[in-house]
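Letter by letter, the chains look like this.
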Amino acid sequence: MSEDKVKILVVEDEASIRKFIAINLERSGFEVLETDNGEAALEMASSCKPSVMVLDVMLPGIDGFEVCSKLRVTIPGLIIIMLTARAQDIDKITGLELGADDYMVKPFNPRELIARIHANLRRAEAMKTSGNTPLSYKNLIMDINSQKFFKDNLEIELTPTEFSVLKLFMSNVGRALSRNELFNSVWGKNYFGDLKTLDVYIRRIREKIEENPSKPQYIETVWGFGYRWCDK
Ligand code: CA
């Protein structure tokens with residue numbers, strides 16, 4: 001079993017914090033790689049192929065934002081959990097252009113970080129193993145096995161979390177899903193985040209799949225309740 005350890009790359013320039021995270025992850029059975037800068041993070045993400053990256057925002061040189069947006073394009077399946085000390089970074093982290101899967105505000109309890117890593121891994125695993133039949137709707141196709149999403153036969157890059165949210169919609173065409181139901185299905189009941197995170201993801205998915213994100217044709221808002229995948 002030991003050779004099946006999940007590999008996590010911890011990117012943080014403050015050695016004491018990095019070691020603290022690394023020790024806790026190792027104790028939880030992960031294989032941990034470390035680096036203190038963004039350049040090395042980019043290099044190691046492709047050469048060492050970690051499943052998860054724990055990525056601090058504030059780094060010398062290339063910062064965490066830039067690392068995240070670059071990797072989102074080059075390695076879309078990598079789970080990226082960002083660390084920030086500033087509340088104002090959160091909008092940027094969960095914002096459209098960046099696409100981190102999750103974030104933690106420092107200082108945090110390492111158990112919470114580990115819980116989120118497990119939740120993200122479970123979600124990614126569930127996507128790989130659940131069913132072989134591609135989901136399709138009009139000009140959209142979701143291939144569960146390869147975790148690829150196509151519109152008009154052109155691939156649209158989605159993060160693992162975006163893929164999960166979209167999969168839930170495409171498995172429930174025409175059904176109104178409450179924000180709570182959506183949130184719990186994707187992030188899990190024990191997740192510490194709030195419902196605003198969901199709205200940010202919906203906005204981001206609309207930007208990617210809708211012709212006109214302000215007049216969505218696929219994901220409709222059900223005011224005061226949640227969202228519905230349109231069945232017209
Ligand atoms: Ca730092």
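Worth saying up front: this structure is predicted, and the values here are computed from it rather than measured.

Secondary structure summary: the chain contains 8 helices and 12 strands in total. The C-alpha atoms of the chain give a radius of gyration of 18 Å, which matches the 17 Å a tight globule of 232 residues would have. A burial count over the chain gives 48% of its 232 residues as buried. Contacts in the chain between residues at least 24 apart in sequence constitute 57% of all its contacts with a sequence separation of at least 6. Within the structure as shown, the chain displays about 11400 Å² of accessible surface, and the carbon and sulfur contribution to it stands at 52%. When the 31 basic and 34 acidic side-chain charges of the chain are each reduced to a single mean position, those positions are 5 Å apart.

So, about the pairing of strand S7 (residues 140–143). Across the two faces of S7 the burial differs, with Leu140 and Met142 buried and Ile141 and Asp143 not buried at all. Both strand S6 (residues 135–137) and S7 contribute to a ladder of 3 bridges, which runs antiparallel. In the sheet register, Ser136 faces S7, and the bridge partner there is Ile141. From the end of S6 to the start of S7, which pair antiparallel, there are 2 residues, and Lys138 there has a positive phi angle of about 50°. Where S7 and strand S8 (residues 148–151) come together, 4 bridges link them in antiparallel fashion. Note on S8: the bridge partner recorded for Leu140 is Lys151.

So, on to the sheet that holds S7. With respect to topology, 4 strands assemble into an open sheet ordered S6-S7-S8-S9, the strand pairing being antiparallel. At either end of the open sheet lies a strand with only one pairing partner, and these are S6 and strand S9 (154–156). For this sheet, the mean inter-axis angle between neighbouring strands, taken without regard to orientation, is 25°. Helix-sheet contacts for helix H6 (residues 160–170) involve S6, S7 and S8, and the interaxial angle to S7 is about 115°.

Strand order across the open sheet formed by 3 strands is S10-S12-S11, with antiparallel pairing between neighbours. Both outer strands of the open sheet, strand S10 (176–178) and strand S11 (219–222), are each paired with one neighbouring strand and no more. The sheet shows a mean angle of 30° between the axes of neighbouring strands, direction not considered. Pairing geometry for S10 and strand S12 (residues 226–229), over 3 bridges, is antiparallel. From the neighbouring strand, Ala176 faces S12, where its bridge partner is Arg228.

At 2.1 to 2.6 Å from the calcium ion lie its protein donor atoms, namely Glu12 (OE), Asp13 (OD), Asp56 (OD) and Met58 (O). Each donor residue of the calcium ion belongs to the same chain, and together they define the spacing E-D-x42-D-x1-M. Remark: Met58 occurs in the loop between strand S3 (52–56) and helix H3 (64–74) and Asp13 occurs in the loop between strand S1 (7–11) and helix H1 (15–27); sequence separation between them is 45 residues. The class of Met58 is exposed, set by a relative accessible area of 51%.

Looking now at unusual backbone geometry. Of note, the amide linkage connecting Lys106 to Pro107 takes the cis form, showing an omega dihedral of -5°. Residue position: Pro107 is located in the loop between strand S5 (102–105) and helix H5 (110–129). The residue Lys49 is not glycine, and still its phi comes out positive at about 50°. Even without being glycine, Lys138 reaches a positive phi, approximately 50°. Take Lys138: it is sitting in the loop between S6 and S7.

In terms of domain boundaries, the chain breaks down into domain 1 (7–127) and domain 2 (132–229). In this structure, domain 1 and domain 2 have C-alpha centres spaced 23 Å apart. The interface is formed by 22 residues belonging to domain 1 together with 21 residues belonging to domain 2. Carbon and sulfur atoms supply 53% of the area that domain 1 and domain 2 bury against each other, a total of about 1700 Å² over both sides.

Time to look at the pattern of salt bridges. All told, the structure shown has 15 salt bridges when counted by the stated rule. Linking Arg72 and Asp101 is a salt bridge whose minimum nitrogen-to-oxygen distance equals 3.1 Å. In this pair, Arg72 is assigned in helix H3 and Asp101 in the loop between helix H4 (89–94) and S5, connecting sequence segments 29 residues apart. For Arg72, a relative accessible area of 8% puts it in the buried group. Take Asp101: its relative accessible area is 1%, and that puts it in the buried class. Here Arg204 makes a salt bridge to Glu162, at a shortest N to O gap of 2.6 Å. In this pair, Arg204 is assigned in helix H8 (residues 195–209) and Glu162 in helix H6, connecting sequence segments 42 residues apart. Each member of the pair, Arg204 as well as Glu162, carries the same accessibility label: buried. Members of the salt-bridge network, linked through shared partners, are Glu12, Asp56 and Lys106.

Conventions we followed
- Residues numbered from 1 in each chain as written.
- Predicted model: local features only at pLDDT ≥ 70, side-chain atom pairs only at ≥ 80, totals over all residues.
- Heavy atoms only, no water.
- Helix = DSSP H or I, 4+ residues; strand = E, 2+ residues; numbered from the N terminus.
- Rg over C-alpha atoms; globule rule 2.2 N^0.38 Å.
- Buried < 20%, exposed > 50% of the residue type's maximum accessible area, 1.4 Å probe, protein only.
- Contact = heavy atoms within 4.5 Å.
- Areas by Shrake-Rupley, 256 points an atom, 1.4 Å probe, with all protein chains shown as cover.
- Lys, Arg positive; Asp, Glu negative; His and termini not counted.
- Charge placed at Lys NZ, Arg CZ, Asp CG, Glu CD.
- Pairing = 2+ DSSP bridges.
- Axes fitted to C-alpha atoms, helices over the stretch in contact; angles between N-to-C directions.
- Donors = N, O, S within 2.8 Å, 3.2 Å for Na, K, Ca; no water.
- Domains from an automatic or database assignment.
- Buried area = accessible area lost by both parts, 1.4 Å probe.
- Salt bridge = Lys/Arg side-chain N within 4 Å of Asp/Glu carboxyl O.

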